[in-house]
Amino acid sequence: MASSICKHAAIAPSPTTFRCNRIPIHRVYLIRNGRPAAVRCSLLRPEYIPNHIPDPKYVRIFDTTLRDGEQSPGATMTTKEKLDIARQLARLGVDIIEAGFPASSDADFEAVELIAREFANVDSDHVPVICGLARCNKRDIERSWAAVKHARKPRIHTFIATSEIHMQFKLKMTPEQVVEKARTMVAYARSLGCEDVEFSPEDAGSFNLNWILVAGWDGLGVDHLDVHKVAIVALSDREFLYQILGEVIKAGATTLNIPDTVGYTLPSEFGQLIADIKANTPGIEKVIISTHCQNDLGLSTANTLAGAYAGARQVEVTINGIGERAGNASLEEVVMAIKCRGEQALDGLYTGINTQHIVMASKMVEEYSGLRIQPHKAIVGANAFAHESGIHQDGMLKHKNTYEIISPEDIGLLRSNESGIVLGKLSGRHALKAKMLELGYDIDGKELDDLFSRFKAVAGNKKNISDDDLVALVSDEVFQPQTVWKLEDVTCGSLGLSTATVKLIHANGDEHISCSVGTGPVDAAYKAVDLVVKVPVTLLEYSLNGVTEGIDAIATTRVLIRGEDSVIATHAYTGESVNRAFCGTGASMDIVISSVRAYVNALNKLLGFKNRLKTEDPNESKVIHTL
């Protein structure tokens, strides 16, 4: 049933066209056999001009899942996984994909370059801009351009800190030096041939916090502040911000991104900041204003919407809101808020996002990053469309719009009780495929065969197969890194001492068997794996959960590891070297098998990232057949 509040038709995932109450249907591409093909499935969007949007009501969606999102601890993704996500983002209809920070490491450079080449010669009316991040220095900018220049629509995104406290203590530069640095580096990016340059004053949105810190707050409370001094600092910060933005516009910037780097501002403050920048920055009519809001106070979505309402026409977001510290503004929240309230409360704002692909994008990022979504997460959480209260259930039975402002079909999710499909040990491939489609996964080919084999093994031991069981199986079977080592068998026992025997198969077909002892069966099994793989690692996190109730529940395990000879990358904002951590997940009705699967998958990701295996075929993609 459609949602009368959102006023958009509810559509089940299908290759057919659909109606929208705002604009006509247009074409976007999907991936067939690793290559793009045009279909009629998305919304018409204005022509892309770097520094101008023909329709003033259109809001560009800038997705930074692959850059800022990957800065979450343990969220390291392989090149192959990043390419899969980039393809899904293109299918979702995002306008700009920030593919990474090319100067961070050789692996990041290769991932950004591969994604740029993927979108170099796409036969489609909508091709996303591929963006690379760069600090304000020639090396970073050259590295970024070398990676993104292969795209049909390349962009360089460069940044520098502009608040008094950052210039004084982090950069150790005067305001005049910072302005000159920003101006010359934007001009340098343009001189390389890049016609689309975004500039960010790194901490512009945190001006309130900076006023207090610079004004000399002694920590004794607001009453001890010199209000006159705070006001002077505030004014100088704003005037300096207008000045540096005006200079980079003259140098050729096409987008000005205003970040709330530490998530400190309130929506009213951030909206006013955007309005003030729009009113006071010389040459602002020649560029697009963008927002980038962190979620430290839980206000990232609200601040992003306030910025858009005040005049920003690009919003920077991530799938599931992942990112550093408390994360970023969530793409699904911002997009659905604009879709539901754009006409009534946001002066007619709209985006070009095909919202039916939200669920698939969310699941893919969740599995590849290893960052689980809390059940009550807006839009994509497991409980987002669940109703347990008797009053709510009564209302839902009478009319779904009583307690739902969004139909699950709007985001690509079918209601589990509408298909009538109940799976058991006698179910076949077609029934499994139909059920997975209902859950938001369009799986075919070898992935379906592998999943079906795992499903039959579980169905033979468990009478009732729940949706959660199927999600756990698809996570363990489909969303896994390139196989270097495969777990064939594990046995364990205890005769006064826990022992484990593990059989692993290498990618070249060689079988390896190892035995070890430990403080428990999982510890013994992990030590046996270490004897075979011979890659010293530190186990940072280990968690195990039952997917459903009952003694026969499938167990899911998540581990986080870091190699002793670790993979090093450069942090975008601090410039510090960061030791990457790698996440692995596993699922089985046997908790030891589940635990070993997760450990081996984490090792596979570490090895694949470390070696950047050339045998990996970038044209093969997992679970990307959705129309």
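Residues numbered from 1 in each chain as written. Predicted model: local features only at pLDDT ≥ 70, side-chain atom pairs only at ≥ 80, totals over all residues. Heavy atoms only, no water.

In terms of regular secondary structure, the protein chain is built from 17 helices and 18 strands. Counting only residues that meet the buried cut, the protein chain has 56% of its 627 residues in that class. Taking as baseline every contact in the protein chain between residues at least 6 positions apart, the subset at least 24 positions apart corresponds to 69%. Total accessible area on the protein chain stands at roughly 25,600 Å², and carbon and sulfur atoms take up 53% of it. (Helix = DSSP H or I, 4+ residues; strand = E, 2+ residues; numbered from the N terminus. Buried < 20%, exposed > 50% of the residue type's maximum accessible area, 1.4 Å probe, protein only. Contact = heavy atoms within 4.5 Å. Areas by Shrake-Rupley, 256 points an atom, 1.4 Å probe, with all protein chains shown as cover.)

Take the nonpolar core next. One finds Leu-92, Phe-199, Ile-244, Leu-256, Ile-258, Leu-432 and Phe-455 to be the most contacted residues of the largest nonpolar core, which totals 112 residues. Ranked by the residues each element gives to this core, the list is headed by helix α7 (residues 227–251), at eight residues. Leave out the neighbours within four places in its chain, and Ile-244 touches Thr-162, Val-178, Val-179, Ala-182 and Phe-199. In this structure, Leu-487, Ala-524, Val-529 and Val-600 belong to the second largest nonpolar core, which totals 31 residues. (Core = buried A, V, L, I, M, F, W, Y, C linked by side-chain atoms within 4.5 Å.)

Counting buried positions along strand β4 (residues 96–100) gives five out of five residues, so the element sits mostly inside the fold. Across two bridges, the pairing between strand β3 (residues 60–63) and β4 is parallel. Along β4, the bridge assignment pairs Phe-62 with Ile-96. Of the crossover connections in this fold, the one passing from β3 over helix α1 (residues 79–92) to the parallel β4 is right-handed. Each parallel crossover has a hand, and the one from β4 via helix α2 (residues 106–118) to strand β5 (residues 129–135) is right-handed. (Pairing = 2+ DSSP bridges. Right-handed = clockwise from strand over helix to strand, strands pointing away.)

Examined against the element boundaries, Pro-481 turns out to sit in the loop between α15 (467–477) and β11 (485–494). Residues Pro-481 and Leu-606, spaced 125 residues apart in sequence, show a C-alpha to C-alpha distance of 9.3 Å.

Of the strand pairs in this sheet, β11 and strand β12 (residues 498–506) are connected by nine bridges, and their pairing is antiparallel. The partner of Trp-485 across the bridge, within β12, is His-506.

Right, let's get into the confidence of the model for the protein chain. Segments scoring low in pLDDT should not have their predicted coordinates read at a detailed level. On average, residues of the protein chain score 81 in pLDDT, and 78% of them are at 70 or above. Contacts for the low-pLDDT stretch residues 227–236, under 50 throughout, to residues beyond four places or in other chains number seven contacts. In the predicted structure, residues 387–399 sits below a pLDDT of 50 and forms 15 contacts with residues beyond four places in sequence or in another chain. (pLDDT = per-residue confidence, 0-100.)

Quick look at unusual backbone geometry now. Of note, the phi angle at Asn-320 is positive, near 65°, even though the residue is not glycine. With respect to the element layout, Asn-320 can be found in the loop between β10 (314–317) and α10 (331–345). You can call Asn-320 buried: its relative accessible area is 11%. Even without a glycine there, the phi angle at Lys-534 is positive, about 60°.

Attention now moves to the sheet that holds strand β14 (residues 537–546). Strand pairing in a sheet relies on backbone hydrogen bonds. The paired strands run either parallel or antiparallel. Reading across from one edge, β14-β15-β18 is the order of the three strands in this open sheet, with antiparallel pairing throughout. A single partner strand is all that each edge strand has here, and the edge strands are β14 and β18 (582–588). Here the strands of the sheet are splayed against their neighbours by 15° on average, with no regard to which way each runs. For strand β15 (residues 555–563) and β18, the ladder comprises seven bridges, and the chain directions are antiparallel. In the sheet register, Val-559 faces β18, and the bridge partner there is Gly-584. (Axes fitted to C-alpha atoms, helices over the stretch in contact; angles between N-to-C directions.)

On inspection of all chains with the given rule, the structure shows 32 salt bridges. Among the ionic pairs, Arg-155 bridges to Asp-196, the shortest N-O distance being 3.2 Å. Separated by 41 residues along the polypeptide, Arg-155 in strand β6 (residues 154–160) and Asp-196 in the loop between α5 (175–191) and β7 (197–201) bring together distant segments of the chain. Residue class for Arg-155 comes out buried when judged on its relative accessible area of 0%. Residue Asp-196 is classed as buried on the basis of its relative accessible area of 4%. (Salt bridge = Lys/Arg side-chain N within 4 Å of Asp/Glu carboxyl O.)

According to the stated counting rule, one finds four aromatic pairs in the structure shown. Centroid distance Tyr-58 to Tyr-350: 5.3 Å. Interplanar angle 70°. Geometry classified as edge-to-face. Of this pair, Tyr-58 sits in the loop between β2 (35–43) and β3 while Tyr-350 sits in the loop between α10 and α11 (358–369), and the two are 292 residues apart along the sequence. Of the two residues examined, Tyr-58 and Tyr-350, each falls in the buried class. Taking the centre distance of 6.5 Å and the plane angle of 70° together, the rings of Tyr-526 and Tyr-542 count as edge-to-face. Of the two residues, Tyr-526 is situated in helix α16 (residues 521–533) and Tyr-542 in strand β14; the sequence distance between them amounts to 16 residues. Overall, Tyr-542 belongs to the partly exposed group, its relative accessible area being 37%. Ring-pair connections join several aromatic residues into one group, and the members of that group are Tyr-526, Tyr-542 and Tyr-599. The lysine or arginine in question, Lys-138, covers the ring of Tyr-188, its NZ or CZ lying 5.0 Å from the ring centre. (Phe/Tyr/Trp six-rings, centres within 6.5 Å; stacked < 30°, edge-to-face > 60°. Lys NZ or Arg CZ within 6 Å of the ring centre and 35° of its normal.)

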